[in-house]
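Secondary and tertiary structure notes
Chain residues, written in single-letter form:
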Amino acid sequence: MKVLSVVGARPQFVKLSAIAREFALRDVEHVIVHTGQHYDEMLSDAFFRDLDIPAPDESLNIGSAGHGAQTGAMLAALDDVLLRHQPDWVLVYGDTNSTLAAALSAVKLHFPVAHLEAGLRSFNRRMPEEHNRVLTDHAADLCLAPTASAVEQLAREGLGAIAVDVGDVMVDVLNHVRNSLQASDEKSEPSGTFVATIHRAENTDDPARLEMIVRALASSPLPVTLFAHPRLIAKAAEANIDLERGSIQLQPPASYPALVRAVLASSGVITDSGGLQKEAFLLRVPCTTLRTETEWQETVDLGWNVLANSAEEILAALTRAIPSPTDASPYGIGDASSRVYSALAKAH
Ligand code: UD1
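Residues numbered from 1 in each chain as written. Predicted model: local features only at pLDDT ≥ 70, side-chain atom pairs only at ≥ 80, totals over all residues. Heavy atoms only, no water.

Re the layout of surface pockets
Applied cut-off: Note on definitions: the grid is 1 Å and covers protein atoms alone; a cavity is a set of points where a 1.4 Å probe fits but cannot get out; a pocket is an open set with protein on both sides within 12 Å along at least five of seven lines; lining residues have an atom within 4 Å of a point. Grid points are joined across faces, edges and corners, and a volume is the space filled by probe spheres set on the points. Helix and strand labels come from DSSP, where a helix needs a run of H or I of at least four residues and a strand needs a run of E of at least two; each type is numbered from the N terminus. Side-chain classes are defined by residue name, with Ala, Val, Leu, Ile, Met, Phe, Trp, Tyr, Cys and Pro counting as nonpolar, Asp, Glu, Lys and Arg as charged, and the others, Gly among them, as polar. Bear in mind that the domain bounds are from an automatic or database domain assignment.
Reported here for the largest pocket is a volume of approximately 1200 Å³. What lines the largest pocket is a set of 49 residues, and nearest its centre among them are Ala9, Pro11, His38, His199 and His229. For the lining of the largest pocket, the elements supplying multiple residues, two or more each, are helix H1 (10-24), helix H3 (67-85), helix H5 (128-139), helix H8 (201-204), helix H10 (230-238), helix H11 (256-265) and helix H12 (274-282). For the lining of the largest pocket, the class distribution of residues is 21 nonpolar, 16 polar and 12 charged. Both of domain 1 (2-168 + 332-347) and domain 2 (175-318) provide at least three residues apiece to the lining of the largest pocket. Space inside the second largest pocket adds up to approximately 210 Å³.

As structure tokens, this is what we get:
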């Protein structure tokens, strides 16, 4: 079976690492295509290196642009790549512009498309990721869903017949990285700090909201290590917002293992990232999410994640009591990549 994976942005490299490791053990000819949506060393190459991902077979070097120009450039470049490789499956990941471009290219050229992380919804039509998810699920031939609730959502949209609950590959990746950190014998002493990331357009591109968030983090009772995505740096500079003040300690984006280590040692996570909300939950570190909704409602229902949208809500969330322990595993047990392989092989 020949599977062509299309990735382009940081969270997709993380998911690809679990899939590439699994496919290497199976009878899969795996072609990796990197659109170039993320190109900075710390957003791209560092992930391939630290997570032992094979180098891409094709690099499209599309880079940054507005949504239409970026997605369109990827779509045009992908047509040629797909036609040359003639895959049995095109595997697309998550909800970025690279996901949508690959799904569109594949469906137009009649190559079967499988969507990993299907069925997630924020129901917020202002998020670019929400358009990407909905359109990709409806273009796909196979929806590989991470949770039972994602499968239920796909069924409500008439996609039940092509939906499979495979669990979440992020659990596979996190288990792998946590095991290597433990094996490397690096002691993880509690740091007494919060770990923060902010990169979503809803937060970075609205100066009033960004200023409110930065002010709240600056007045945190504990130091806040803010791993800053280039988008945050650029938008803060544009709006004249000083990121280095009060409790905030500004850092460049972290590698995946370094982030896991920092979260494990921290007193809590503050983020608008989808992946990090779940990683915090899996590592049983309380999370404060700077968004009006989350695709990972299970983390909220189980008490480990709180949505906060004003300075008061953020500070209240940072000083809340530690949540009650839980052994719930709504994201599966870490065998998602093997279940992805089985679902693809079965439908092949
Ligand atoms: C993208 C995804 C988002 C995902 C995030 C992970 C979409 C619509 N959004 O957001 O879902 O959570 O990746 O990080 O696809 N930039 C650089 N260097 C890079 C890449 C980007 O400096 O390597 C800067 C550029 O100024 C660029 C901006 O960041 O314009 C935004 O990059 P883009 O890829 O459009 O979206 P992200 O915000 O990274």
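A short note on the packing of aromatic side chains
So the rule is basically this: Between 30 and 60 degrees the pair is tilted, below 30 it is stacked and above 60 it is edge-to-face, where a pair is any two Phe, Tyr or Trp rings, Trp via its six-membered ring, whose centres lie within 6.5 Å. Residue exposure (1.4 Å probe, protein chains only): buried if accessible area is under 20% of the type maximum, exposed if over 50%, otherwise partly exposed.
Scanning the model with the defined rule gives 3 aromatic pairs in all. When the centroid spacing of 6.0 Å and the interplanar angle of 80 degrees are considered together, the rings of Phe281 and Tyr331 count as edge-to-face. Taken together, the residues Phe281 in helix H12 and Tyr331 in the loop between helix H14 (311-318) and helix H15 (336-347) connect sequence positions 50 residues apart. Here the two residues Phe281 and Tyr331 agree in accessibility, since each one is buried. Ring geometry for Trp296 and Tyr331: centres 5.5 Å apart, planes at 80 degrees, overall edge-to-face. Of this pair, Trp296 sits in the loop between strand E12 (287-289) and helix H13 (297-301) while Tyr331 sits in the loop between H14 and H15, and the two are 35 residues apart along the sequence.

Quick look at the side chain of Glu279
Put simply, the test is: Counted charges follow a simple rule, with Lys and Arg positive, Asp and Glu negative, and His plus the chain ends left uncounted. Each reported salt bridge corresponds to a side-chain nitrogen of Lys or Arg within 4 Å of a carboxyl oxygen of Asp or Glu. Any N or O atom pair separated by 3.5 Å or less is treated as a polar contact, with the protein-specific requirement of one donor-capable and one acceptor-capable atom, and with residues adjacent in sequence counted only for side-chain atom pairs. Contacts: residue pairs with any heavy atoms within 4.5 Å of one another.
By the secondary structure assignment, Glu279 is in helix H12. For the buried Glu279, which has no salt bridge, the nearest side chain bearing the opposite charge is Lys278, at an N-O separation of 6.7 Å. Of note is the side chain of Glu279, whose polar atom sits 2.9 Å from the side chain of Tyr256. Each residue touching Glu279, except ones within four places of it in the same chain, is listed here: Met170, Leu174 and Tyr256.

As for the domain arrangement of the protein
Our working rule: Joining two parts hides part of their accessible area as seen by a 1.4 Å probe, and the buried area is that hidden amount summed over both.
Here the domain parsing of the protein yields domain 1 (2-168 + 332-347) and domain 2 (175-318). Just the C-alpha atoms count here: the centres of domain 1 and domain 2 sit 25 Å apart. The interface is formed by 24 residues belonging to domain 1 together with 20 residues belonging to domain 2. Here domain 1 and domain 2 share an interface that buries about 1700 Å² over both sides, 58% of which is from carbon and sulfur atoms. The closest approach of N and O atoms between Arg200 and Glu129, which form a salt bridge, is 3.1 Å. Counting across the interface, domain 1 meets domain 2 through 5 residue pairs in polar contact (both at pLDDT 80 or more). Within the residue set of the side of domain 1 that touches domain 2, elements represented by two or more residues are H1, helix H2 (45-50) and H5. Among the elements that take part in the side of domain 1 that touches domain 2, H1 stands out by supplying 3 residues, more than any other. Of the residues assigned to the side of domain 1 that touches domain 2, the class counts are 9 nonpolar, 6 polar and 9 charged.

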